[in-house]
Amino acid sequence: MNPTYLHAAVLAAFAAALPASSVFAAEVSAAINPKAVLNAMERVADWQLDHPSKHRPDDWTQAVGDTGFMALAGISGDRKYRDAMIAVGDKNEWKLGPNHYHADDHIIGQTYAELYLQLRDPKMIAAMRASFDDILANRRTGTLDFTVKGNQDRWSWCDALFMGPPTWLRLWSVTGDQRYLDFAVSEWWVTSDYLYDKEAHLYFRDSKYFDKREANGEKVYWGRGNGWVMGGLVRMLQYLPANHPARPRFEQQYKEMSAKLLTLQQPDGLWRASLLDPASYPLKESSGSALYAYAFAWGVNQGLLDARTYKPAVQKVWSALVTNVQADGKLTHVQPIGQDPKSFDNDATEVYGVGAFLLAGSEVYRMAVLDKAKPQTVAVTNGTDGQRGDELVEVKLAGGIKAPVVMDAATSAIINSQVIGKQLLFSVNVPAGDTRRYLVLPAERLAATPPADVKTHARFVPERLDDFAWESDRTVHRVYGPAIIKDPKEHLISSGVDVWVKKVRYPVVDKWYKTGAYHKDAGEGLDYYHVGQNRGCGGTTIYTDNALHNSSNFQSWKVLADGPLRSVFELTFGKWDAGNGRMVSEVKRFSIDAGSNMTRVESRYSASGKGPLTVGVGIVQRDGQGDYVTDAVGGWSSYWEPQHGDDGITGCGVILPAGASGFAVTDKQQLTLGTAQPGQPFVYYFGAGWDKSGDFADGAAWQAYVRNYAHKLKAPLQVISK
């Protein structure tokens, strides 16, 4: 297919599922309430899906539109907008544009990174990371003079500050690689020092405009160009750490430009193509005005701009922008690329204008949602020197908040959450040393709630001999119930833990059990792990007199929570002889979180006689050369198995947060030993990884994961709720 039409084909596929949008019964409302704002955004987005642009799918025009679609996806109750962005990434093979150094070909990476934050699929950022690593290794240091060949290998024009730096910053946010942050910040200020007029508090488009003048004698500062900078400032400040030394300078420039631009808003609420000579450019212009609406509304919502001063300006520009939306959802008055800003059709539209409108709408929507609201504010701080991504935090839910939703305070997106009892759980991404804020609101304040991504699942499987299976978006386990003991083919007595490996981030347990075809990899993963009567990966034993004393299969089960972010269940094991005639029974409470390869287990033993029990958490030892590593101080062990033919390699890890009393290898079972007091909780973690999952390239990567996980347990995220 001709790449010019590729993006069109992708979006057209989603448009086919939409209702006919050529005629709507009512005009789009300019009211500022959640329902009206979201309706206006969806109306415009649906028109764009139904009339896809013909630009190259990784072109900056499309990519700006995609940033707006991502903003809409964060607040809409309809998943089609995010699905459309995933389809775009798939068609692009998650690659940046063809011009290696050019900022315009980097902006598509903002959508990739934001999708990765939600779905954590490594392929979404792999190509971008490789490209940026190469840029860092072969960094350009030439002039920003726009008349010199090769100048656009750096950010030599002001539009680039929307396209480039926020992409680098988002990649830093999801990887923790400090080089990306440092590059974004340092190169921003190189451009700023060159193009920013510190007296006018506006940007020249590029160096060719330094000496140009408008018909009225004023300097030339383009409306949309400065809109790109304002949008870029917002998208930098969304991710720049609060304690970063450059943040005050970014905020100062943002406030200076806002104050200047406020004086340049025209009576109709819009800004003109020329900021200082609007009389020579009388045409309405939607795209630049939408970027200012986005920036002003974001600043009011953050408390960086005075609401009494700037909120009226936001209300005015939003009303004007909605007036430029036709009844069928078409956004008009968008200045085309390279066309005379003094003369273009009133009916003109472009996908980048739609993107700017949707960005503006997301912050106007938030403004309406928060109007007179008193949200519960949660601050999450990462006091460690490592990235804490895709990790759950929990807080006690404030009284009076029913059906809570969690909003990312920096971006307005509604993020995945779950209530268990009186505790609210939600997923966070907090770089080293940073603090991120979240707002907890009753769902009734929103016009819609985005559907949750189901990332964990646990269930009893009576149709497969009473298995109990559970999974996160990273791994799958199962244990065996009573029916398999009496099955004429199996006769299996085992409390060992099985592993199913997966390379997809969505649930597979129900699907695989339904088809029964999970011993061959059909693109999602498979079950090639053999447990039998071994401990498998994380099965326990009572270790007495250097011998294993294993329980039988679980007797009963109870599911306490089943996703979307955490699944919790209990399994009960009947009495067995734990050595020397001492009878023991056990209740295990399992808990698995989204984003985690590890399962937390809290065991409580009942035992005859007095005294503690020595518990061994086992990993079966395979024939062949594996890599088994133990750390008594850290309380963990890691095993990278030998290669299992074409199926790959499984890694297993065990962590005892209270510390390991020792390690033993008995009957080919590698045991991490700890002490349990009957009636008291004994806590341990176990988990598995796979070399074909995209997460662990080798044994060193798996070992690092287990070690870092043990470290995180000792240094939890700090959560403050108000």
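Residues numbered from 1 in each chain as written. Predicted model: local features only at pLDDT ≥ 70, side-chain atom pairs only at ≥ 80, totals over all residues. Heavy atoms only, no water.

*Asks:* Explain the overall build of the protein to me, please; I cannot follow it from the model alone.
*Replies:* Across its full length, the protein holds 17 helices and 28 strands. Compactness check: the protein gives a C-alpha radius of gyration of 29 Å against a globular reference of 27 Å for 722 residues, within 12% of the reference. In terms of principal-axis extent, the alpha carbons of the protein reach across some 100 × 55 × 50 Å. Counting across all 722 residues of the protein, residues that qualify as buried make up 61%. When contacts within the protein are restricted to residue pairs at least 6 apart in sequence, long-range pairs at least 24 apart make up 70% of them. Here the protein displays about 27,300 Å² of accessible surface, and carbon together with sulfur accounts for 50% of that area. In the protein, 77 positive and 80 negative side-chain charges are present, and the distance between their average locations comes to 5 Å. (Helix = DSSP H or I, 4+ residues; strand = E, 2+ residues; numbered from the N terminus. Rg over C-alpha atoms; globule rule 2.2 N^0.38 Å. Buried < 20%, exposed > 50% of the residue type's maximum accessible area, 1.4 Å probe, protein only. Contact = heavy atoms within 4.5 Å. Areas by Shrake-Rupley, 256 points an atom, 1.4 Å probe, with all protein chains shown as cover. Lys, Arg positive; Asp, Glu negative; His and termini not counted. Charge placed at Lys NZ, Arg CZ, Asp CG, Glu CD.)

*Asks:* I would appreciate a short explanation of the pairing of strand E10 (residues 457-461) in the present structure.
*Replies:* Residues in a regular strand point their side chains to alternate faces of the sheet. The element E10 is largely enclosed, with a buried count of five among its five residues. Where burial is concerned, the two faces of E10 agree: the one with His457, Arg459 and Val461 and the one with Ala458 and Phe460 are both buried. Hairpin connection between E10 and strand E11 (residues 467-471): a loop of five residues separates the two successive antiparallel strands, and Leu465 in this loop has a positive phi of roughly 60 degrees. (Pairing = 2+ DSSP bridges.)

*Asks:* Quick question: what am I supposed to make of the pattern of salt bridges here?
*Replies:* Charged atoms that come close allow side chains of opposite charge to pair. Scanning the model with the defined rule gives 52 salt bridges in all. Residues Arg436 and Asp408 are paired through a salt bridge, measuring 3.8 Å at the closest nitrogen-oxygen approach. A residue pair is termed long-range when its members are at least 10 positions apart, and Arg436 in strand E9 (residues 435-442) and Asp408 in strand E5 (residues 404-408) qualify at 28 residues. Asp408 matches Arg436 in its accessibility class, with the two residues each being buried. (Salt bridge = Lys/Arg side-chain N within 4 Å of Asp/Glu carboxyl O.)

*Asks:* Which parts of the structure should I look at to understand the sheet that holds strand E26 (residues 669-676)?
*Replies:* Think of a sheet as strands paired side by side through backbone hydrogen bonds, with each pair either parallel or antiparallel. Within the open sheet, the five strands sit side by side as E16-E15-E21-E26-E25. Their pairing is antiparallel. This sheet does not close on itself; its edge strands, each paired only once, are strand E16 (547-549) and strand E25 (662-666). Averaged over all neighbouring strand pairs, the angle between strand axes comes to 45 degrees, with direction disregarded. Sheet topology note: the strand E21 (residues 613-620)/E26 ladder contains eight bridges and is antiparallel. Within E26, the position partnered with Val620 by the bridge is Gln669. (Axes fitted to C-alpha atoms, helices over the stretch in contact; angles between N-to-C directions.)

*Asks:* What is the right way to look at the packing of aromatic side chains in this model?
*Replies:* The description of two aromatic rings rests on the distance between their centres and on the angle between their planes. A complete count under the given rule lists 43 aromatic pairs for this structure. With 6.2 Å between their ring centres and 75 degrees between their planes, Tyr628 and Tyr639 make a pair best called edge-to-face. Of this pair, Tyr628 sits in strand E22 (residues 627-631) while Tyr639 sits in strand E23 (residues 636-640), placing them 11 residues apart in sequence. Classification of Tyr639 by relative accessible area gives buried; the value is 2%. Between Trp702 and Tyr705, the ring centres sit 5.5 Å apart and the planes meet at 20 degrees, which makes this aromatic pair stacked. Placement of both Trp702 and Tyr705 in helix H17 (residues 699-714) is noted, with a separation of three residues, approximately one turn of the helix. Per residue, the accessibility class of Trp702 equals that of Tyr705, and both read buried. Taken together through their ring pairs, the aromatic side chains of Phe460, Phe468, Trp470, Phe554, Trp557, Phe569, Phe590, Phe682, Tyr684 and Phe686 make up a single cluster. Positioned above the aromatic ring of Tyr239 is the side chain of Arg436, whose terminal nitrogen or guanidinium carbon lies 5.3 Å from the ring centre. (Phe/Tyr/Trp six-rings, centres within 6.5 Å; stacked < 30°, edge-to-face > 60°. Lys NZ or Arg CZ within 6 Å of the ring centre and 35° of its normal.)

Function-wise, these values are silent; they only describe arrangement.
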